[in-house]
Amino acid sequence: MLIAQISDPHITEIGEKAYNIVPSNDNLALCIKHINQLEPQPDLALITGDIANDKKLEQTKNAASILDNLNCPYYIIPGNHDDKQALWSVFGGKAILSKDKNFINYVIDGYKMRIIGLDSTKENAAGGQMSQAGQQFLGKCLIEEPHKPTLIFMHHPPIKCSLIETDIDGFDRAEEFGELIAKFSNIKAIICGHIHLPTNSLWNGTIVSTAPSTGMQLRLDLSMKKPSEFYLNKTGYQLHHFTKQQNLITHTIYVHKNNDGPYPFIEHRPNQELK
Ligand SMILES: [Fe+2]
Ligand SMILES: [Fe+2]
């Protein structure tokens, strides 16, 4: 089973750039073109929040018109740059499977892995949380299928990554959330976005990973000096491969407008014996 993870596209109005400089709409389109050319094709795509750049309905609609070009089905959870009402009005019942527009937590069934989407946003805050209601929902889902391999997707990583966006902005109720996660050995990973950098960490018996942004990459600064800075030189996404051996292998894929390669090894060492 293959899952493409698109994160933090930060989509703008048509003809505009995020922060006046980031061609985020074009970058998302470039990643989708790349995903559509993968062989084999992903079974589905998970979009881990910050769909819009400024919580606007128009931006959310633009995101839908770009995401609809994906060949595979896709599903969305909110980030701190999204307005949940706007997300619901554009994606509700289609790419968001929850029944309540104020409670965007849901399960995707029908695949080799059970996939659970969780809303980690906090009203008017950049940081995240696991709400009591979200945690109750998760606990109920995990008890229903305690042996089926399960993947959780959410916007905020529940761990401190030595970055402003996690350590200073924070994540409320991380400890309680972690205690629940630790009770279930079938959770293969918790895949997140928000920090615009790929990371992996062992946490409460599972892997917490974060994806690059399709929009712009954070400059890695472990000194946590404000303000944060970003780079424009690449766009990227994650490909999670759940193998026949039931291992989850995560590939970070950067997409460049002008790819120099691929070069076949054989053509570049013709006089050497291949082993
Ligand atoms: Fe973001
Ligand atoms: Fe975010």
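The structure we're discussing is the one just above.
Residues numbered from 1 in each chain as written. Chains lettered and ligands numbered in written order. Predicted model: local features only at pLDDT ≥ 70, side-chain atom pairs only at ≥ 80, totals over all residues. Heavy atoms only, no water.

Engineer: Help me understand the packing of aromatic side chains in this model?
Structural biologist: Aromatic ring pairs are reported here in terms of the distance separating the ring centres and the angle at which the planes meet. Tallying each qualifying case throughout the model produces 6 aromatic pairs. Centroid distance Phe 103 to Phe 137: 5.9 Å. Interplanar angle 80°. Geometry classified as edge-to-face. In this pair, Phe 103 is assigned in the loop between α3 (84-91) and β4 (106-108) and Phe 137 in helix α4 (residues 132-144), connecting sequence segments 34 residues apart. Among the residues examined, Phe 137 registers a relative accessible area of 16% and is labelled buried. The positively charged end of Lys 234 is found above the aromatic ring belonging to Tyr 254, 4.3 Å away from the centroid. (Phe/Tyr/Trp six-rings, centres within 6.5 Å; stacked < 30°, edge-to-face > 60°. Helix = DSSP H or I, 4+ residues; strand = E, 2+ residues; numbered from the N terminus. Buried < 20%, exposed > 50% of the residue type's maximum accessible area, 1.4 Å probe, protein only. Lys NZ or Arg CZ within 6 Å of the ring centre and 35° of its normal.)

Engineer: Any chance you could explain the nonpolar core here in plain terms?
Structural biologist: When a protein is soluble and globular, its nonpolar side chains tend to lie buried together. By size, the foremost hydrophobic cluster in this structure holds 45 residues, and its most contacted members are Leu 46, Leu 67, Ile 76 and Phe 91. Ignoring anything within four residues of it in the chain, the contact list for Ile 76 reads Ile 47, Ile 51, Leu 67, Leu 87, Phe 91, Ala 95, Ile 96, Ile 104, Tyr 106 and Phe 153. Counting 26 residues, the second-largest nonpolar core is a separate cluster that includes Leu 138, Ile 181, Leu 197 and Leu 218. (Core = buried A, V, L, I, M, F, W, Y, C linked by side-chain atoms within 4.5 Å. Contact = heavy atoms within 4.5 Å.)

Engineer: When you look at the coordination of the iron ion (ligand 2) in this model, what are you seeing that I'm missing?
Structural biologist: Four donors placed tetrahedrally about a metal ideally form angles of 109.5 degrees, and six donors placed octahedrally ideally form angles of 90 or 180 degrees. Donor atoms from the polypeptide that bind the iron ion (ligand 2) are Asp 50 (OD), Asn 80 (OD1), His 155 (NE2) and His 194 (ND1), placed at 2.1 to 2.3 Å. Each of the 4 donor atoms around the iron ion (ligand 2) contributes to a set of angles spanning 87 to 158°, which defines the coordination as irregular. Motif for the iron ion (ligand 2), donor spacing along one chain: D-x29-N-x74-H-x38-H. The distance between the iron ion (ligand 2) and the iron ion (ligand 1) comes to 3.5 Å, and Asp 50 binds to both of them. Here the residue His 155 occupies a position in the loop between β7 (150-153) and α5 (164-168), and His 194 occupies one in the loop between β9 (187-192) and β10 (199-203), the gap between them amounting to 39 residues. The exposure classification of His 155 matches that of His 194, with both residues buried. (Donors = N, O, S within 2.8 Å, 3.2 Å for Na, K, Ca; no water. Tetrahedral: all angles 85-135°; square planar, octahedral: opposite > 155°, others 65-115°.)

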